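Remarks on the overall topology
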Amino acid sequence: MHTAAPSTSRPHVSTEPNTRGWRSYLVTTLLFSLVLLPLLYQVFFIMITMLPIDYNSNMQPNTVFFTALTSMLTALAGTPLYVRALIARKKPEIPTSPARRFLPILLPYALSMLVWALSYGLSGYSFAKSTWGVFLLLTPTYLLSNALLVFAQSQMLFLLTAAAELAALLIGVQVAAWRRGRRLSLRPLRKTFAFGLVAVLVVDGAVFLQLDQRSQTHVLPLVAPDKIGSEFERYRHVPFSSDNELEVPLETPDVMIRSPYPRLNGSTMTAPVYGAVAQALYQGLDDSSSLGIVSDHGAAYAYEQLLAGEKDVFFGAEPSPEQREAAANAGHELDMTVFGREALVIIVHKDNPVDSLTLEQVRAIYQKCITNWAEVGGSNEKIMLFQRPEDSEAQAVMLTQVMRGAPMATPLLEERTASFNSVEDVAAEYRNFNAAIGYGLRYYCTKTKGSEGVKLLAVGGVEPSVESIRDGSYPLVVDLCAVTAGTANPNVPVLLGWLQSPQGQAFVEQCGYVGTVRSTLSSRP
């Protein structure tokens with residue numbers, strides 16, 4: 001009688017959690033992903049920003065530090081909390097299916113990146129557009145920190161926060177699964193899991209492609225080296241104030257001026273010199289009584305005051321044809337006294353191997369006809385172009401003396417907070433990256449913070465030295481003029497005469513400019 005051998009096969013036991021357990025796992029995962037970790041992040045962010053740590057006043061590095069530390073602490077705290085929730089009693093089983101285990105983690109992350117990509121694309125990669133309001137509204141649990149990051153122009157930190165949350169959940173789920181002995185079999189991969197993974201990779205790729213596109217138009221302030229521009233704090237050049245930074249003559253001036261004081265105004269470019277001259281020559285004034293006598297309103301308004309008879313002398317570049325026409329229409333004839341020279345200089349990083357460019361090469365670079373430093377004898381690096389704002393004096397010189405009517409490429413931009421609830425795009429000031437090129441007036445590129453890290457290029461083989469600027473062999477020279485329009489103030493000729501004297505010319509050079517004549521006084525210690 002044949003007896004069948006006893007079966008050794010085990011009854012089939014499903015490795016999948018029941019529907020109730022799956023739903024509980026899904027709800028737990030989504031609550032952690034969309035509520036608990038963001039809330040934890042906000043708490044850490046607020047706590048860290050309130051720490052009594054002495055940082056510099058620059059908000060952006062602080063924001064980097066705060067966000068990085070907050071994300072790290074959130075991940076460290078979120079992982080054990082998540083593990084605890086999954087292995088506690090009456091909590092769901094850990095699915096063994098890749099789709100059920102990871103889709104509740106990947107899809108919220110993919111959704112946040114999709115919202116990012118749509119907002120980023122529709123805004124033209126700029127926080128200055130109102131489209132970013134959509135991003136903030138669609139990520140409500142991160143509203144506080146995201147709003148702060150928008151104002152700090154810290155777009156990379158959005159990705160850091162999301163990545164920290166994703167890492168916390170992935171690590172937490174795996175640790176919880178190992179604690180339960182729930183091995184994960186990746187074979188066969190579920191179609192839904194593969195779809196979710198592909199979706200995450202596609203959206204991530206789109207985001208990083210957008211960041212690469214943004215780098216072609218915007219400068220990231222978070223990684224910027226020293227900024228060098230023609231902006232400075234005007235109060236540092238107000239004569240007679242206790243905390244100004246105006247030069248003091250090395251010897252007592254031969255001329256002293258008392259009432260009636262010549263009323264002075266001028267361009268920002270010349271404020272450091274005419275403010276210092278007034279402080280050195282005017283007797284009997286202090287910081288309050290000098291108000292209205294010496295002003296710094298910028299070139300446009302200063303000319304209006306000159307023609308209206310509200311000021312006696314304008315200091316700045318030679319009057320433009322439009323300014324001459326305005327004077328003629330007002331019935332004035334402009335008298336100009338050239339008292340010094342300034343120059344537009346081309347600046348690069350001090351380690352850039354290029355030492356000289358022709359005017360034609362500079363023009364071609366700023367038209368993007370030349371895009372790589374190797375084309376002009378430098379390293380094989382893409383040239384990073386910086387421009388000055390449209391209303392700056394350096395930009396006016398660049399357009400007239402270098403571009404000569406040729407259009408310039410679109411400038412690199414950066415976002416700046418315009419008000420509490422808005423951000424605006426502005427032309428980015430020069431950042432001293434290795435591959436950067438910029439331009440500015442010599443005074444600012446040699447006297448401002450960060451100028452020790454730049455190199456002034458020769459133009460057409462001529463370096464912008466004091467002598468080449470004085471004799472005009474350097475091709476981008478700007479005459480500095482004291483302009484009058486029929487003033488009757490008897491002390492104006494005294495002031496202008498001293499400016500052109502050897503002592504006055506020495507003081508012009510002491511202030512950081514170039515005199516029109518060589519002075520032996522300028523070489524004194």
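Residues numbered from 1 in each chain as written. Predicted model: local features only at pLDDT ≥ 70, side-chain atom pairs only at ≥ 80, totals over all residues. Heavy atoms only, no water.

**Here we look at unusual backbone geometry**
Between S259 and P260 the backbone carries a cis peptide bond, its omega angle lying at 5°. Despite not being glycine, F240 shows a phi value in the positive range, around 75°. One non-glycine residue, R404, adopts positive backbone phi at about 50°. With respect to the helices, strands and loops of the structure, R404 is situated in the loop between α12 (393–403) and β7 (413–419). (Helix = DSSP H or I, 4+ residues; strand = E, 2+ residues; numbered from the N terminus.)

**With respect to the nonpolar core**
Counting residues in each nonpolar core, the largest one holds 80 residues, and the members touching the most others are Y282, F315, Y366, M398 and I437. When residues no more than four places from it in sequence are discounted, the contact partners of Y282 are F240, I257, Y261, P262, L264, I293, V294 and L495. Ranked by size, the runner-up nonpolar core spans 41 residues in total, among them L40, I105, A117 and Y120. (Core = buried A, V, L, I, M, F, W, Y, C linked by side-chain atoms within 4.5 Å. Buried < 20%, exposed > 50% of the residue type's maximum accessible area, 1.4 Å probe, protein only. Contact = heavy atoms within 4.5 Å.)

**So, the packing of aromatic side chains**
Applying the stated criterion across every chain yields a total of 12 aromatic pairs. Here the aromatic rings of F32 and Y82 are separated by 4.8 Å at their centres, their planes lie at 90°, and the arrangement is edge-to-face. A residue pair is termed long-range when its members are at least 10 positions apart, and F32 in helix α1 (residues 19–49) and Y82 in helix α2 (residues 59–87) qualify at 50 residues. The pair formed by F32 and Y82 is uniform in burial state, with each residue classed as buried. An aromatic cluster of three or more residues is present, and its members are Y274, F315 and F339. For the cation-ring pair, R100 lies above W22, with the distance from its terminal atom to the ring centre recorded as 4.9 Å. (Phe/Tyr/Trp six-rings, centres within 6.5 Å; stacked < 30°, edge-to-face > 60°. Lys NZ or Arg CZ within 6 Å of the ring centre and 35° of its normal.)

**What to know about the confidence of the model for the protein**
Interpretation of this model should avoid reading the predicted coordinates in detail wherever pLDDT is low. Across the protein, the average pLDDT comes to 82, with 82% of residues at or above 70. Contacts of residues 7–15 to residues separated by more than four positions or lying in other chains number 2 contacts, the stretch itself having pLDDT below 50. Across residues 520–525, where pLDDT falls below 50, the model places 9 contacts with residues more than four positions away in sequence or in other chains. (pLDDT = per-residue confidence, 0-100.)

**Some words on the pattern of salt bridges**
Within this structure, the stated rule accounts for 7 salt bridges. Two residues, K350 and D351, come together in a salt bridge whose shortest N-O distance is 3.4 Å. Because the salt bridges share partners, they merge into one network encompassing E467, R470 and E509. (Salt bridge = Lys/Arg side-chain N within 4 Å of Asp/Glu carboxyl O.)

**Focus: the pairing of strand β3 (residues 313–317)**
Working note: regular strand, side chains alternate between the two faces of the sheet. Burial runs high along β3: 4 of the 5 residues are buried. Alignment of strand β2 (residues 264–266) against β3, held across 3 bridges, turns out to be parallel. By the bridge assignment, G266 is partnered in β3 with F315. For β3 and strand β13 (residues 477–484), the ladder comprises 4 bridges, and the chain directions are antiparallel. Counted as the bridge partner of F314 is V483 from β13. (Pairing = 2+ DSSP bridges.)

**Some details on the packing of helix α15 (residues 492–500) against helix α16 (residues 502–510)**
At a minimum axis distance of 4 Å, the contact between α15 and α16 shows a crossing angle of 70°. Taken together, the axes of α15 and α16 lie roughly perpendicular to each other. Side by side, α15 and α16 meet where W498, L499 and Q500 of the first sit next to P502, Q503, G504, Q505, F507 and V508 of the second. Among the residues making up the contact of α15 with α16, the classes are represented as 5 nonpolar, 4 polar and no charged. (Axes fitted to C-alpha atoms, helices over the stretch in contact; angles between N-to-C directions. Parallel < 35°, antiparallel > 145°, perpendicular 65-115°, else oblique. Nonpolar A, V, L, I, M, F, W, Y, C, P; charged D, E, K, R; others polar.)

**With respect to the pairing of β13**
In terms of burial, β13 is largely enclosed, as 7 of its 8 residues are buried. Where strand β4 (residues 335–349) meets β13, 8 bridges bridge the pair, whose relative direction is antiparallel. Bridge assignment links G340 to a residue of β13, and that residue is L480.

**Structural notes on the packing of helix α11 (residues 359–366) against α12**
Between α11 and α12, the shortest axis-to-axis distance is 10 Å and the interhelical angle comes to 120°. Considered as vectors, α11 and α12 are oriented oblique to each other. Mapping the contact onto sequence places L359, V362, R363 and Y366 in α11 and M398, Q401, V402 and M403 in α12. Tallied by class, the residues present in the contact of α11 with α12 amount to 6 nonpolar, 1 polar and 1 charged.

**Topic: the environment of A364**
Relative to the assigned elements, A364 resides in helix α11. Using a relative accessible area of 14% as the deciding quantity, one classes A364 as buried. Separated by 45 residues in the primary sequence, A364 and A409 place their C-alpha atoms 9.9 Å from one another.

**Brief notes about the side chain of Q210**
Checked against the element boundaries, Q210 lands in helix α7 (residues 191–215). Relative accessible area serves as the criterion here: at 11%, Q210 is assigned to the buried category. Filtering out sequence-adjacent residues up to four positions away, Q210 remains in contact with W116, A117, Y120, G121 and Y125.

**Description of helix α9 (residues 299–307)**
Every buried residue belonging to α9 is among A302, Y303, Q305, L306 and L307, and all of these are buried. Looking one or two residues past α9, G309 carries a phi angle of roughly 80°, positive in sign.

**Quick notes on the side chain of S267**
With respect to the secondary-structure elements, S267 resides in the loop between β2 and α8 (271–281). Given a relative accessible area of 2%, S267 falls into the buried group. The contacts of S267, once residues within four sequence positions are left out, are Y274, D296, G298, A299, F314, F315, G316 and E393.

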